Amino acid sequence: MTLLSLGSGVVQASDELHVASQYQNAMGQIQNNAWLLVALPLLGAAVLLLGGRRTDRWGHWLAVALSWAAFVWGALLFFSLVGLEPEDRSRVVHLFDWVSAGSFKVDAGLLLDPLSVAFVLLVTFVGSLIHVYSVAYMEHDPDRRRFFAYLNLFVAAMLLLVLADSYLLLYVGWEGVGLASYLLIGFWNHNPTYAAAAKKAFIANRVGDVGLSLAIMGMFAAFGSVSFSDVLSSSEGASEGKLTFIGLMLLLGACGKSAQFPLQSWLGDAMAGPTPVSALIHAATMVTAGVYLVVRSGPIFEGAPNAQLCVVIVGAITLVYGAIVGCAKDDIKKALAASTMSQIGYMMLAAGLGPVGAAFAIFHLLTHGFFKAGMFLGAGSVMHGMNDSVDMRRYGRLSGAMKITWATFGLGWLAILGVPPFSGFWSKDKIIEAAFIGEGWRPWVFGSAALLGAGVTAFYMSRLFFMTFQGGSDNKRWPKDAHPHESPLLMTAPMMILAIGSAVLGLALGVSDGLVHWLEPVVGAHGEEEPVLPVAVLMTLTLALVALGVALAWRMYWQAKVPAVAPRGSLLTRAARRDLFQDDLNEALFMRPGQYLTRWLVYVDNRGVDGAVGGLAALVGGLGGRLRRVQTGLVRSYAASMLAGVVILLGGVLAVRI
Amino acid sequence: MNLVNWLYLSVLLFSIGAATVLVRRNAIIVFMGVELMLNATNLAFVTFARINGKVEGQVIALFVMLVAAAEVVVGLAIIFTIFRTRRSASVDDANLLKY
C-alpha cells in the first residue's frame, strides 16, 4: 500500500517536471517566432497592396484579423517573459546575418525585453482597436482597402522599430513608420493642402533622420558596433565628448519623429490625415518613438550630462509650447495635436532625467496612448456626426446627441487632466515629482514648467471638452444642415475600451509601481531621491492648478456664450493660432535662404557650368570654321605650306645648333 | 674639287624643283619638279656618303630611286586618269576633295 502510494507520487512528480519542460518549450517557441509579430501585418499590407481591387470586399477584415493576431502573439510573448526572473527577461532572437563587410557586422535580430514588450502590447492593442474603428469610419471611402494596407504597414514598421536589437534595424523601422505616416497623412492627396502636409511631415522627419543616421555612424566610429548590447555596454567607458555627440544626434532624431521643439511644426498639419491615423500614428504610437529612443539609449545619456540636459530642456520647452498653442486652436484635431506635442514634451522631460524619470516617461507614454487615442477617436466620432466639420466653434452641447462619445471623451479628459484616480494622475504627477528632483536651479525651472504645463493642459483640454460637448442651450452653434448622431457600434466599441483603459490603466500599473518594477531591468532602478518640495505639497499644487484651469475654462466656454466666429483675440492668442510663428520662422530661416541658394545654384549652373561647356564648344567650332578656310583645294598652296614648314623646321634646327 | 660644291649644286637643283612645283600649273611639269627635288636629295645623299666615307647615303639614294620609279608609275597614272575625266592637266582644277 505504502509502496503503491510512493510510486504514484514519483509518477506525479515526473509528470509535473514534464509539464514544466513542455511549458518552457512552448514559451521558447513563442519567443523564437517573435518575427511573426512583424511578418503578420506586413503580409496583410502586401496582400492588400498587391491584390488590388479584388481584395476590396474583405481586405479590411483581413487587416483587422492580422493586427489582432499580432496582438495575441504579443500577449503570449508578454506572458513568456512574466514567467521568468526579472534579470532574465531580456533575450535577443537572432534572425539572420544582415550586413557582413570586413570588420563591420550587423545581425538582424529581435530584442525581447520588458521595454520592447510593453511597446508591443501598446502598439498592437491600440492599433487593433483603431483598425476596428476604421472599418466603420472609412466605410464610404472608395480606397478603404489601401487605407488598411497602409495601417498594417505602419503596425509592422512600428513593431520592427521597437523590437529591433540594433540601431540599424531600428532605423529601418524608423523609416518605415515615417513612410506609413507620409502615405496616411496624404491619404486624401487629391486635396493639395493635404498632400503638402504629408510632404511637410516627411521633410521635417528627414531632418531628424539625418541626426539619427549621424548618431549611428558615430556609434560605429566610437564602438565599432551598432547593436544595443554592444553600444550600451561599452558606452560606460567611452569619452564624454563622443557620447555627447551621439546623444545630441539621437535627440535630433527623436525631435523629428516626436514633434519636439524645434522640429515640431509638422504635427499640426499632419492632422490632414484621416482621424484614425491621427489617433494611432500621431498620438499613440509613432510620435512616441523618440521617447522610446531616448529611454532605450539611457546609458549613452547617462554618460553625457550635457546631452541629457538638452533632452530635458527640449521636453520642457515643447510641453509649454504645445500647451500654449493648444489654448488657441479652434480646430478640434489641431488642439488635440498640440496637446499630444505637449504630453510628449512631458515624456521627453522625464526621459531626460535618467533613471529617476525614464520609467515614468514610459508609463505616461502608455497611459497617454490610451487616453489620447480614445479622445482622437472621439473627435472622429464627433466629426462623423457633424458632416466632417472640425471647427469647435460650430459644435457645442453635443453631450445630448452623442452620449457614448461624450462619456468616453469625458473619461479621456479626466485622465489627461490628472484627476485622481484616472490614468494621467498616476503617470503625469510622477513626472512632475521627478522634475522637482535634483540640485541647483534645475528642479525649480523644470519642475515649474511641468507644473505650469499641468495647469494650462487642464485649461485647454477643458476648453476643448466644454466647447464640444457642453454649454447652455444657447450654445448649440451647429451649422443648419448638421444632424449630430451617435456613431455605429464598430466605432463606439473601441472608444469604450480605450476609455476604460484611460480610467483604470494608471491605477492598475501605478498603484503598486508594477510598471516601474517591470521596466527596472532596462531603465535602471531609481534611488530614494526626494523632490525639493514635499510630495504632498506638489500634489496639492498640481491639483489646485488643474482645478483653476478647469474653472477658468468653465467660466469662459460653458457659462458664457462662445462666439461662432473666432474673435480677433489678444496678441498671444493670435500668435498661438499661428503656432507661435513656427512656420514663419522656418520659412524665414530655412525655406527662403534655401530658395535663394537653389536659385543661385541654378543661375551658376546655367551661366557658369553650362556657359563654360557651351563656350568651349563654340570656341572649338569657331576655330574649326576658320581653319576650314585653309583647305583651299589648291595643290600648289599645300605644297607651299609644306615647303614653308620644312624651311621653318630647318631654320629652327639651325638656330638651335648655332 | 671641293665636295661641298656638290652640295651647292644639290641645293640649287632642289630650289629649282621646288619653284617648279609651286609656280607651274601643268601636272606633268609639276611632276618633273618633284623628280628634280628627289634627284637633288639623292645628290646630297651621295655627296654626304663621300664626305663621311660611309656607304649608307648611297644605299638610301638607291632606295629613293626605287621609290621614285614606283611613284612615277602611280603618279602618271593618276594624272592620266584626271586628264581623261576632267579634260585638263591643271593641278588647280583638281580640287574636288576640298568639299
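Asker: Teacher, can you tell me more about the overall build of chain A here?
Answerer: On a plain count of helices and strands, chain A comes out with 25 helices and two strands. Along the first, second and third principal axes, the C-alpha atoms of chain A reach 130 × 85 × 65 Å. Burial analysis of chain A (658 residues in total) assigns 51% to the buried set. The long-range share in chain A, meaning contacts at least 24 apart out of those at least 6 apart in sequence, stands at 81%. Looking at chain A as shown, the accessible area adds up to about 28200 Å², and 68% of this sits on carbon and sulfur atoms. Charge separation in chain A, taken as the distance between the mean sites of 44 positive and 41 negative side-chain charges, equals 18 Å.

Asker: So what exactly am I meant to see when it comes to the overall build of chain B here?
Answerer: Broken down by element type, chain B carries three helices and zero strands. In summary, chain B has a C-alpha radius of gyration of 16 Å against a globular reference of 13 Å for 99 residues, an excess of more than 25%. With the principal axes as the frame, chain B shows a C-alpha extent of 50 × 25 × 20 Å. Relative to its full complement of 99 residues, chain B shows a buried share of 27%. Considering only residue pairs separated by 6 or more positions, chain B has 58% of its internal contacts joining residues 24 or more positions apart. Summed over its atoms, the accessible surface of chain B is roughly 6800 Å², and 72% of this surface lies on carbon and sulfur atoms. Measuring between centres, the 8 positive side-chain charges of chain B sit 5 Å from its 5 negative side-chain charges.

Asker: Please clarify how a nonpolar patch on the surface should be interpreted in this entry.
Answerer: Together, Leu597, Trp600, Leu601, Tyr603, Val604, Val609 and Val613 of chain A make up a nonpolar patch on the protein surface, roughly 690 Å² of accessible area in all. Classification of Leu601 of chain A as partly exposed rests on a relative accessible area of 44%.

Asker: Honestly, helix α19 (residues 442-469) of chain A in this entry has me stumped. Any pointers?
Answerer: Owing to its 3.6 residues per turn, the α-helix aligns residues three or four sequence positions apart on the same side. Residues and elements named next belong to chain A. Its 28 residues place the ends of α19 40 Å apart at the C-alpha level, agreeing with the 40 Å of an ideal helix rising 1.5 Å per residue. Extensive coverage of α19 is indicated by the burial of 22 of its 28 residues. Phi for Gly471, located one or two positions after α19, is positive at around 115°.

Asker: Teacher, can you tell me more about unusual backbone geometry here?
Answerer: Negative phi values dominate among residues other than glycine, just as trans dominates among peptide bonds. Residues and elements named next belong to chain A. With an omega of 5°, the peptide bond running from Phe261 to Pro262 counts as cis. With respect to the helices, strands and loops of the structure, Pro262 is situated in the loop between α9 (240-258) and α10 (265-269). Here the phi dihedral of Asp388 falls at roughly 60°; this positive angle occurs in a residue that is not glycine. As for its placement among the helices and strands, Asp388 is situated in the loop between α16 (358-385) and α17 (403-417). Note on Asp388: relative accessible area 54%, which makes it exposed.

Asker: For this particular structure, what's the right way to read the pairing of strand β1 (residues 91-101) of chain A?
Answerer: Remember that side chains alternate between the two faces of the sheet whenever the strand is regular. Residues and elements named next belong to chain A. Bridge analysis of β1 against strand β2 (residues 104-112) gives nine bridges, and the strand direction is antiparallel. Residue pairing across strands places Arg91 opposite Leu112, the latter belonging to β2. Hairpin remark: β1 followed by β2, antiparallel, with two residues in the connecting loop; positive phi at Gly102, about 60°.

Asker: Honestly, the layout of surface pockets in this entry has me stumped. Any pointers?
Answerer: A probe as big as a water molecule, rolled over the atoms, marks out the empty space that is left. Here the largest pocket is characterised by a volume of approximately 1000 Å³. If you trace the largest pocket, you find 40 residues lining it, with Thr193, Ala197, Asp269, Met271 and Ala272 of chain A closest to the centre. If you tally residues by element for the lining of the largest pocket, the top one is helix α7 (residues 192-223) of chain A, at nine residues. Among the residues forming the lining of the largest pocket, the class breakdown is 20 nonpolar, nine polar and eleven charged. In this structure, the second largest pocket encloses a volume near 690 Å³. Around the second largest pocket, the lining comprises 25 residues; the ones closest to its centre are Val635 and Ala639 of chain A together with Val21, Val30 and Val34 of chain B. Where the lining of the second largest pocket is concerned, the elements lending two or more residues are α25 (635-657) of chain A together with α1 (4-23), α2 (27-52) and α3 (56-86) of chain B.

Asker: How should I be thinking about the environment of Ala553 of chain A in this particular structure?
Answerer: For Ala553 of chain A, the location among the structural elements is in helix α22 (residues 535-559). Separated by 292 residues in sequence, Ala553 of chain A and Phe261 of chain A have C-alpha atoms that sit 27 Å apart.

Asker: Looking at this structure, I do not really get the interface of chain A and chain B. What am I missing?
Answerer: In many reports, interface size means the accessible area that the parts give up when they come together. Contact residues are listed per partner, giving nine residues for chain A and eleven residues for chain B. With both chains or domains summed, chain A and chain B bury close to 810 Å², and 62% of this area falls on carbon and sulfur atoms. Scanning the region where chain A abuts chain B turns up one salt bridge. A salt bridge links Asp92 of chain B to Arg636 of chain A, with the shortest nitrogen-to-oxygen separation between them at 2.8 Å.

Asker: Which parts of the structure should I look at to understand the packing of helix α5 (residues 144-163) of chain A against helix α12 (residues 289-296) of chain A?
Answerer: Angle between the axes and distance between the axes: these two values describe a pair of packed helices. Residue and element names in this part refer to chain A. Put simply, α5 and α12 touch, their axes get as near as 11 Å, and they point 15° apart. Between α5 and α12, the crossing angle belongs to the class labelled roughly parallel. Seen from above, α5 lies across α12 with left-handed handedness. Of α12, the residues touching α5 (which contributes Met158, Leu161 and Val162) are Ala289, Tyr292 and Arg296. For the contact of α5 with α12, the per-class residue count stands at five nonpolar, no polar and one charged.

Asker: How should the pattern of salt bridges be read in this particular structure?
Answerer: All names here are of chain A. Summed over the entire model, instances satisfying the criterion amount to 17 salt bridges over all chains. One salt bridge in this structure joins Asp56 and Arg145, with 2.9 Å as the shortest N-O distance. Of the two residues, Asp56 is situated in the loop between α2 (35-51) and α3 (59-82) and Arg145 in helix α5; the sequence distance between them amounts to 89 residues. In this structure Asp56 comes out as partly exposed when scored by relative accessible area, which is 26%. Residue Arg145 is classed as buried on the basis of its relative accessible area of 11%. Where salt bridges share partners, they join Arg53, Asp56, Asp143, Arg145 and Arg146 into one cluster.

Asker: When you look at the packing of aromatic side chains in this model, what are you seeing that I'm missing?
Answerer: For any pair of aromatic rings, the description consists of the separation of the ring centres together with the inter-plane angle of the planes. All names here are of chain A. Taken as a whole, this structure holds 25 aromatic pairs over all chains when the rule is applied. Judged by centre distance (4.6 Å) and plane angle (15°), the ring pair of Trp413 and Phe465 falls under stacked. A residue pair is termed long-range when its members are at least 10 positions apart, and Trp413 in helix α17 and Phe465 in helix α19 qualify at 52 residues. Phe465 carries the same exposure label as Trp413, and that label is buried. Taken together, a centroid distance of 5.4 Å and an interplanar angle of 50° make the contact between Phe465 and Phe469 tilted. In this pair, Phe465 and Phe469 are both assigned in helix α19, four residues apart and thus about one turn of the helix distant. Summarising the burial analysis for this pair, Phe465 and Phe469 share the class buried.

The rules behind each value
Residues numbered from 1 in each chain as written. Chains lettered and ligands numbered in written order. Predicted model: local features only at pLDDT ≥ 70, side-chain atom pairs only at ≥ 80, totals over all residues. Heavy atoms only, no water. Helix = DSSP H or I, 4+ residues; strand = E, 2+ residues; numbered from the N terminus. Buried < 20%, exposed > 50% of the residue type's maximum accessible area, 1.4 Å probe, protein only. Contact = heavy atoms within 4.5 Å. Areas by Shrake-Rupley, 256 points an atom, 1.4 Å probe, with all protein chains shown as cover. Lys, Arg positive; Asp, Glu negative; His and termini not counted. Charge placed at Lys NZ, Arg CZ, Asp CG, Glu CD. Rg over C-alpha atoms; globule rule 2.2 N^0.38 Å. Patch = residues over 30% accessible without salt bridge, like charges linked within 9 Å, V, L, I, M, F, W, Y side chains within 5 Å. Salt bridge = Lys/Arg side-chain N within 4 Å of Asp/Glu carboxyl O. Expected span 1.5 Å × (residues − 1). Pairing = 2+ DSSP bridges. 1 Å grid on protein atoms, 1.4 Å probe; cavity = no way out; pocket = protein on both sides within 12 Å on 5 of 7 lines; lining within 4 Å. Points joined across faces, edges and corners; volume = space filled by probe spheres on them. Nonpolar A, V, L, I, M, F, W, Y, C, P; charged D, E, K, R; others polar. Buried area = accessible area lost by both parts, 1.4 Å probe. Axes fitted to C-alpha atoms, helices over the stretch in contact; angles between N-to-C directions. Parallel < 35°, antiparallel > 145°, perpendicular 65-115°, else oblique. Left-handed = near helix turned anticlockwise from the far one by under 90°. Phe/Tyr/Trp six-rings, centres within 6.5 Å; stacked < 30°, edge-to-face > 60°.

Purely geometric stuff here, so don't read any function into it on its own.
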